[in-house]
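Examining the three-dimensional arrangement
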Amino acid sequence: MNVLITGSAGLIGSAATKLFLDQDYAVHGVDNNSRAQFFGEEGSTDKIKHELEKQQNYTHHQLDIRDVEGMKEVFKTNTFDVIIHAAAQPSHDWSGKFPVIDFEINAFATVQLLELTREFAPDASFIFTSS
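What comes next is a walk through the structure. Note that residues are indexed from 1 along each chain, following the sequence as it is written. Whole-chain, interface and lining totals are the exception, using all residues; otherwise, since this is a predicted model, local features are given only for residues with pLDDT of at least 70 and side-chain atom pairs are given and counted only at 80 or more. Here the side-chain values reflect all heavy atoms present in the structure, with hydrogen atoms and water set aside.

1. Quick look at the overall build of the protein
Under the scheme used here, helices are H or I runs from DSSP no shorter than 4 residues and strands are E runs no shorter than 2 residues, and both carry numbers assigned from the N terminus. Tallying secondary structure elements over the protein gives six helices and five strands in all. Put simply, the protein has 131 residues, and 45% of those count as buried. The contacts in the protein between residues at least 6 apart in sequence include a share of 71% that link residues at least 24 apart. Accessible surface computed for the protein: about 7200 Å², of which carbon and sulfur atoms make up 52%. Three exposure classes are used, based on accessible area relative to the maximum for each residue type with a 1.4 Å probe and protein chains only: buried under 20%, partly exposed in between, and exposed over 50%. In what follows, residue pairs with any heavy atoms lying within 4.5 Å of each other are defined as contacts. Using the Shrake-Rupley algorithm and a 1.4 Å probe, accessible areas are obtained, with residue cover drawn only from the displayed protein chains.

2. What about unusual backbone geometry?
Its identity is not glycine, yet D24 carries a phi of approximately 65°, on the positive side. Residue placement: D24 occurs in the loop between α1 (11-22) and β2 (26-30). Relative accessible area serves as the criterion here: at 62%, D24 is assigned to the exposed category.

3. Considerations on the packing of helix α4 (residues 68-76) against helix α6 (residues 99-120)
As a packed pair, α4 and α6 sit with axes 10 Å apart at the nearest point and diverge in direction by 30°. Considered as vectors, α4 and α6 are oriented roughly parallel to each other. Classified by chirality, the crossing of α6 by α4 is right-handed. Contacts from V68, M71, K72, F75 and K76 in α4 reach Q112, L113, L116, T117 and F120 in α6. Throughout, an axis means a line fitted to C-alpha atoms (over the contacting stretch in the case of helices), and angles, computed between N-to-C directions, take values from 0 to 180 degrees. For classification purposes, angles smaller than 35 degrees are called roughly parallel, those larger than 145 roughly antiparallel, those between 65 and 115 roughly perpendicular, and all remaining angles oblique. Crossing handedness follows the turn of the near helix against the far one: under a right angle anticlockwise gives a left-handed crossing, and clockwise gives a right-handed one.

4. Focus: the pattern of salt bridges
A carboxyl oxygen of Asp or Glu within 4 Å of a side-chain nitrogen of Lys or Arg is what we treat as a salt bridge. One pass over the full model with this rule turns up four salt bridges. Where K54 meets E51, a salt bridge forms, and the shortest distance between an N and an O atom there is 3.0 Å. K54 gets classed as exposed once you look at its relative accessible area, which sits at 61%. The exposure class assigned to E51 is partly exposed, which follows from its relative accessible area of 42%. R118 serves as the salt-bridge partner of E115, at 2.2 Å between the closest nitrogen and oxygen. Highlighted residues: E115 and R118, both in helix α6, separated by three residues, approximately one helical turn.

5. A word on α1
The span you would expect from a helix comes to 1.5 Å times its residue count less one. Taking 1.5 Å of rise per residue, twelve residues should cover 16 Å, and α1 covers 17 Å from first to last C-alpha, within 8% of that figure. Looking only at α1, the buried set comprises G13, S14, A16, T17, F20 and L21. Viewed along the axis of α1, the buried residues span an arc of 160°, placing them on a single side of the element. Away from its buried face, by an angle of more than 90 degrees, α1 presents the exposed residues L11 and D22. Tucked inside the fold, the buried residues of α1 contact β1 (2-6), β2, α3 (46-53), β3 (58-61) and β4 (82-85). Taken from the residues just after α1, D24 is the one with a positive phi, measuring 65°. By arc we mean the arc of the directions from the helix axis to the C-beta atoms, nothing more.

6. Some words on the side chain of N78
Turning to its location among the elements, N78 is positioned in the loop between α4 and β4. Think of a polar contact as two N or O atoms within 3.5 Å of one another; within protein, one of them needs to be a possible hydrogen donor and the other a possible acceptor, and neighboring residues in sequence only count if both atoms come from side chains. Engagement of the side chain of N78 in a polar contact is seen with the side chain of T77, the distance being 3.2 Å.

7. Examining the nonpolar core
Where a protein is soluble and globular, its nonpolar side chains tend to be buried together. The biggest cluster of nonpolar side chains holds 16 residues, and the ones touching the most others in it are L4, V30, I65, M71, F75, F80 and I83. Among the elements that line this core, the one with the most residues is α6, at four residues. Contacts of I65, omitting those with residues within four sequence positions, involve T6, V30, M71, H85, A87, I105, A109 and Q112. Nonpolar cores were defined as sets of buried Ala, Val, Leu, Ile, Met, Phe, Trp, Tyr and Cys residues, with membership established by side-chain atoms within 4.5 Å. Core analysis: the second largest hydrophobic core is formed by ten residues, A16, V27, L52 and I84 among them.

Take it as geometry only, folks, not as evidence of what the structure does.
Shown next, in the form of structure tokens:
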């Protein structure tokens, strides 16, 4: 079984990634470490990403989920049975200061992911755990 997990190095995404890897699934993770931008270096997910990259069945895609062409390439070149959308802009402070960026990440990118799923993985289960 092939799984795509957005926000794969974040809190929820990394837990889901580890769960599926422990069950010998092939996992494609998408994460761009935006937590470092939102929360500073102490919020960085690089350490988690590097640990995940050591796993044999893990493939990392250093992508922003708003990158439609990049995400389309991930969908076009892989087959997914499950898609777990855990990527988000989680900062309440950021959402107040930068509402357009918050909307682009949390709403528009979700619609784009749903559309890519419909087009390239119509039989996949889509699990939404994002903001």
